[in-house]
Structures are given as structure tokens and as C-alpha cells.
Amino acid sequence: MGADPIGWGTPRARAVIAAASLGSGMTWLDGSVVNVALRTIGEDLDASLAQLQWINNGYLMMLASLILIGGSLGDRFGRRRMFVLGTVLFAAASLLCGLAPTAEVLIAARILQGVGGALLTPGSLAMIQGSFGPRDRARAIGAWSGLGGVASAIGPFVGGVLIDHASWRWIFLINLPLAVITVVIAMRSVPETKDPHAPTTFDYTGAVLASLALAGTTYALIEWGGRGAPWAAAAGIIAAVAFVALERREEFPMMPPELFRDRTFSASNAMTFLVYAALGAVLFFLVLQLQTVSGYGALGAGVATLPITVCMLLLAARGGALGARIGPRIPMTVGPVVMAVGTLLLLGVGDDVDYWVDVFPGLTVFGLGLALMVAPLTATVLAAAPDDNAGIASGINNAIARAGSLIAVAAFPVALGLSGDAYADPVALDSAYGSAMIVCAALLALGGLVSWLTIPARMPS
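Just so it is clear, the structure is predicted and the values come from calculations on it, not from any experiment.

The rules behind the values
Residues numbered from 1 in each chain as written. Predicted model: local features only at pLDDT ≥ 70, side-chain atom pairs only at ≥ 80, totals over all residues. Heavy atoms only, no water. Helix = DSSP H or I, 4+ residues; strand = E, 2+ residues; numbered from the N terminus. Rg over C-alpha atoms; globule rule 2.2 N^0.38 Å. Buried < 20%, exposed > 50% of the residue type's maximum accessible area, 1.4 Å probe, protein only. Contact = heavy atoms within 4.5 Å. pLDDT = per-residue confidence, 0-100. Expected span 1.5 Å × (residues − 1). Salt bridge = Lys/Arg side-chain N within 4 Å of Asp/Glu carboxyl O. Axes fitted to C-alpha atoms, helices over the stretch in contact; angles between N-to-C directions. Parallel < 35°, antiparallel > 145°, perpendicular 65-115°, else oblique. Left-handed = near helix turned anticlockwise from the far one by under 90°. Nonpolar A, V, L, I, M, F, W, Y, C, P; charged D, E, K, R; others polar. Core = buried A, V, L, I, M, F, W, Y, C linked by side-chain atoms within 4.5 Å. Patch = residues over 30% accessible without salt bridge, like charges linked within 9 Å, V, L, I, M, F, W, Y side chains within 5 Å. Areas by Shrake-Rupley, 256 points an atom, 1.4 Å probe, with all protein chains shown as cover. Lys, Arg positive; Asp, Glu negative; His and termini not counted. Charge placed at Lys NZ, Arg CZ, Asp CG, Glu CD. Phe/Tyr/Trp six-rings, centres within 6.5 Å; stacked < 30°, edge-to-face > 60°. Lys NZ or Arg CZ within 6 Å of the ring centre and 35° of its normal.

1. Considerations on the overall build of the protein
Phase 1 of the analysis: Within the protein one finds 16 helices and zero strands.
Phase 2 of the analysis: In terms of overall dimensions, the protein is globule-like: its C-alpha atoms have a radius of gyration of 21 Å, near the 23 Å expected for 461 residues.
Phase 3 of the analysis: Summarising its shape, the C-alpha atoms of the protein cover approximately 60 × 50 × 45 Å along the three principal directions.
Phase 4 of the analysis: A total of 461 residues make up the protein; the buried ones form 54% of that total.
Phase 5 of the analysis: Taking as baseline every contact in the protein between residues at least 6 positions apart, the subset at least 24 positions apart corresponds to 85%.

Set out below in C-alpha cells:
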């Protein structure tokens, strides 16, 4: 249900793409700069490593557990309405982040940001899907993806400038004018669309259980050894078991179990979890290593990761075309293995670092592997699901990717013996960093092996 399709190249078409790109661009911008700001935030707010993990993970936790509900709410009540609501909530949470006087307040604000992002992220693409006709939809999605890539590319540079020359608080406060522009454009130019066949009930209990499962697991890992960790772990396990049992009985589950009966769908998501766990941990540790051990400022550490973004911008579409031509198995096998090689090349990052020798080659190789893998992975997940479940399948894969990063960032410091303010100790961090890179390389290689053994050489047409 909605207005007539918008034609490509019209002012209204440009407005829809602008609103969707600005909104989702805010979430991508924050995603690419918060890691760069963590060390500075820790010094300013006297935060422990566990608190820095929560600043990163609180957002990912809510996004991963609620993004499917956010998409369903948009289909039922209006995609523009949920997009605008998510943008306003994200902006309000960003203001709270920017003004946070303590680490605890910042963590709470980041959790609220995750709720806004869960409404905003699926809504941005759904507005384009619902506003354009089939003939123009691919071009519109391509424009949206390209502009999102630009936001990711400039994120580390903008964030580094703000952190080094103003304050880390501005990486959040800059969202306020962007949100105002986004809401104004959306309300003036974006047509409201809904799914006339969308269910009238929602799996709210499933969303709560998913959130509790992720929260309990994350708390237990971050606070490992603390008094409440065993209870949190038990609560997380119970919530996860209850979630699986509920989804089997729910009439309209947020994560339909029948999708996982397809071997390719299950294998693709298992590979996604492994690869994105490694990706999240590599970026988390590398940025801290560059600042604490190598002496980089926030701007330098942020700009240092640009080779990954450049590879994605220039080559991700070619990776998709290659996957379509030769089938998904080889790109989804070779991509993670190449990423593993890039990760091992980053072992040379230390106190006497040469960017062009120790950082650039590893990140470039890592980015090449990621660009080779991403599009075939997405296409395989969607092809393995029925057409009616394409949106849900994409959302599940998105949620699993974020959950992988969330759990890795929570688990790695514990497993490597980092706690308290050890992230500010060059000796302690340097020792943990090397071990983290080796474990990440192993996870990536395992992801490639899973693909080789389980992903078909050709997807059925």
C-alpha cells in the first residue's frame, strides 16, 4: 500500500535517496568512528576496559536483537514513520552521548542509540524498496549503497579531526543537524508505504528474549570473574533456549526456524558469524594498538583503516559480479582466507611501526578479501530463502553479523587477560594484540573452510 512509484531522476527520487542515505549514513558514521574514539573517551571519563567494551557493545546488542522487529514495524505501521521515529530517537540518544558526564551514562545512551538504529536501519532501505518501481529500484539501491560507502569512507577522517582538534563528544553531536535535515526531507518528500499483507501481531516476546540472551552472554564475558557473571551467563543461556523454543511455536516469529532447514542458508550465516566476529575484533584491537603502542593520534588511527573502505568502494560490486559468474563457493572461500592473510600481515604493528610496511599492506589485503566475499555472501543468503522471506533473511544475516562482532569484542579481552585500564598499558596491550590477530586469522580461515565444505558451486536459478 502506498503512492504510485517514483520515477528515476526526478526531484522526488533524489529526495528519497537523500533522506535514506543521510539517515543510514549517521549509523555508518558512528560505526566507523566510535572505535577511533574509545581510547580518548577512556581517558576523559576514566573508563575501564569493560566500560569501553560496553560503549561499543551496548549499541550492537540492541541493534542485533531489535533490527528484525524494526523492519516488521515499518511494514505494518509505515516505513517512513518508523524511519523518522528511529532518526529522532537516534538523534536524542546522540545528544545524550555527547553530553554524558560519566561512562555509565554514555553506555546507557549508546544502548538507546541501538534502539533508534534498529528502527532506522531497515527503514532506510525499505523506503527505497517501497517508493521506486521494479525498473528503477536497482539504480536507487545502488545510489543508496554508494552514498553509504562515502559516509563510511569519510567517517574515520571526520572523527579523527573532531577528536584531535575539538572533542570526542562532537562525533555524536554532529548527528543532530544531520537528523534534522533527514527528518525534514523525509516528511516533505518521501511517500508513506506499508505492506498490506504484513501481520498485525509482532513477536515482542522473541525480541525481549533475544535481547536478554545477548545481554546476559555479553555481560558474563565482559565481567568474567565478577560476582554476577555466572548468573548473567545462566540468564543468557536460559533466554536463548526459550527464544528457540518460542520461535518454533510463534505464528509470526521474528526468526522463522524453517529458514535454517536450508543447509546453504544455515552455512552462510555460520560463516557470517565467524567472519564478522574476526572483523569486529581486528578493528577493535588494531585501533587501540595504533594509539596506545604505536603512538598514533585519533586522526592517524582513523585514517589508517581507510584501505579497507577504499577496497570496498572500488571492488565490492566486482566481487558480486564475479560471484554471479562463477558461483558463490570460490569467492566465499577465498575471500576469508585472503582476509586471514591480511590479518597475519598486521602482526608487525608495534611500537616502531612503519605505516607503509606494517599497516597498509595488511589492511589492503584484508580489504581485498572482504570485497571479494561480501556481495556473494549477501546474494547467497537471499537466494537460499523463499522470495517472500527475502527481507527477513537479509535481516537475520545482518543481525548475526552484528552479534558476531558483539560477542568477539566482549570475549577477546577476557580470553587474552586484558582488564581494568590495561588498554592504556602499551606492554599489556601489545602482548594481547598479537594473540588476538592470530585468533582472528584462525576464525577467518575457519569461515573459508565452512564455505568450501557447505556452499554450493552454483546456486539454483
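2. Focus: the environment of Val-349
Phase 1 of the analysis: Residue position: Val-349 is located in the loop between α13 (329-345) and α14 (355-383).
Phase 2 of the analysis: The exposure class assigned to Val-349 is buried, which follows from its relative accessible area of 1%.
Phase 3 of the analysis: Once the C-alpha coordinates of Val-349 and Asp-262 are considered, the two residues, 87 residues apart in sequence, prove to be 42 Å apart.
Phase 4 of the analysis: Discounting residues that sit within four places of it in the chain, Val-349 has contacts with Leu-286, Gln-289, Leu-290, Ser-294, Asp-358, Val-359, Asp-430 and Tyr-433.

3. Notes on the confidence of the model for the protein
Predicted coordinates in regions of low pLDDT should not be interpreted in detail.
Phase 1 of the analysis: Overall, the prediction assigns the protein a mean pLDDT of 86, with 94% of residues at 70 or greater.
Phase 2 of the analysis: Mean pLDDT across the secondary structure elements of the protein bottoms out at helix α5 (residues 134-165), with 73, and peaks at α13, with 97.

4. What to know about α13
Each turn of an α-helix holds 3.6 residues, which means side chains three or four residues apart point in the same direction.
Phase 1 of the analysis: Here α13 contains 17 residues, and its C-alpha end-to-end distance of 25 Å stays within 8% of the 24 Å for a straight helix at 1.5 Å per residue.
Phase 2 of the analysis: Where α13 is buried, its residues contact α10 (263-292), α12 (306-326), α14 and α16 (426-454).

5. Some details on the pattern of salt bridges
Phase 1 of the analysis: Enumeration according to the criterion identifies two salt bridges in this entry.
Phase 2 of the analysis: Across the pair Arg-39 and Glu-43 runs a salt bridge whose closest N-O atoms are separated by 2.9 Å. Taken together, the positions of Arg-39 and Glu-43, both in helix α1 (residues 11-45) and four residues apart, correspond to about one turn of that helix.

6. Things to note about unusual backbone geometry
Across residues other than glycine, the phi torsion is negative in most instances, and most of the peptide bonds are trans.
Phase 1 of the analysis: Despite not being glycine, Asp-46 has its phi angle at roughly 55 degrees, a positive value.
Phase 2 of the analysis: In this structure, Asp-46 sits in the loop between α1 and α2 (49-77).
Phase 3 of the analysis: Residue class for Asp-46 comes out exposed when judged on its relative accessible area of 69%.

7. Focus on the packing of α10 against α13
Phase 1 of the analysis: With their axes 12 Å apart at the nearest point, α10 and α13 run at an angle of 20 degrees to one another. In terms of axis orientation, α10 runs roughly parallel to α13. Considering how the two elements wind past one another, α10 and α13 form a crossing that is left-handed. Contacts from Ser-268, Met-271, Val-275 and Val-282 in α10 reach Met-332, Pro-336, Met-339 and Thr-343 in α13.
Phase 2 of the analysis: The class makeup of the residues in the contact of α10 with α13 is six nonpolar, two polar and no charged.

8. Brief notes about α10
Phase 1 of the analysis: For α10, built from 30 residues, the straight-helix expectation of 44 Å at 1.5 Å per residue is met to within 8% by its first-to-last C-alpha distance of 43 Å.
Phase 2 of the analysis: Within α10, 25 of the 30 residues are buried, which leaves it mostly tucked inside the rest of the structure.

9. Details of the nonpolar core
Phase 1 of the analysis: Counting 136 residues, the largest nonpolar core has Leu-106, Phe-285 and Met-373 as its most contacted members.
Phase 2 of the analysis: Apart from residues lying up to four places away in sequence, Leu-106 is in contact with Ile-41, Leu-45, Ile-55, Cys-97, Ala-100, Trp-168 and Phe-172.

10. Here's the deal with the packing of α2 against helix α4 (residues 103-131)
Phase 1 of the analysis: Two elements in contact, α2 and α4, have axes separated by 6 Å at closest approach and are oriented at 25 degrees. Compared by their axis directions, α2 and α4 come out roughly parallel. In the crossing of α2 with α4, the sense of the turn from one axis to the other is right-handed.
Phase 2 of the analysis: When the residues that make up the contact of α2 with α4 are grouped by side-chain class, the tally is 16 nonpolar, nine polar and two charged.

11. What about a negative patch on the surface?
Phase 1 of the analysis: On the surface, Asp-351, Asp-352, Asp-354 and Asp-430 cluster together into a negatively charged patch.
Phase 2 of the analysis: By the element assignment, Asp-351 lies in the loop between α13 and α14.
Phase 3 of the analysis: Among the residues examined, Asp-351 registers a relative accessible area of 64% and is labelled exposed.

12. Some remarks on the packing of aromatic side chains
Phase 1 of the analysis: Per the counting criterion, the structure on display carries nine aromatic pairs.
Phase 2 of the analysis: With a centroid separation of 6.4 Å and an interplanar angle of 75 degrees, the aromatic rings of Tyr-59 and Phe-90 are classed as edge-to-face. Placement of Tyr-59 in helix α2 and of Phe-90 in helix α3 (residues 79-99) is noted, with a sequence separation of 31 residues between them. Here Tyr-59 and Phe-90 have matching classes, each one buried.
Phase 3 of the analysis: On the numbers, 5.6 Å between centres and 80 degrees between planes, the contact of Phe-284 with Phe-285 is edge-to-face. In this structure, Phe-284 and Phe-285 share a single accessibility class: buried.
Phase 4 of the analysis: Directly above the ring of Trp-452 sits Arg-329, whose terminal nitrogen or CZ lies 5.3 Å from the centroid.

13. Regarding the environment of Val-190
Phase 1 of the analysis: For Val-190, the location among the structural elements is in the loop between α7 (175-189) and α8 (204-222).
Phase 2 of the analysis: Residue Val-190 is classed as buried on the basis of its relative accessible area of 1%.
Phase 3 of the analysis: As a C-alpha pair, Val-190 and Phe-265 span 75 residues in sequence and 34 Å in three-dimensional space.
Phase 4 of the analysis: Dropping the residues within four chain positions of it, Val-190 is found in contact with Arg-12, Val-16, Ala-19, Arg-80, Met-127, Ser-131 and Ile-185.

14. Things to note about a nonpolar patch on the surface
Phase 1 of the analysis: A cluster of nonpolar side chains, contributed by Ile-326, Ile-330, Val-334, Leu-446, Leu-449, Trp-452 and Leu-453, occupies part of the molecular surface with about 630 Å² of accessible area.
Phase 2 of the analysis: A total of four residues in the nonpolar patch trace back to one element, the largest contributor, which is α16.
Phase 3 of the analysis: Note on Leu-449: relative accessible area 44%, which makes it partly exposed.

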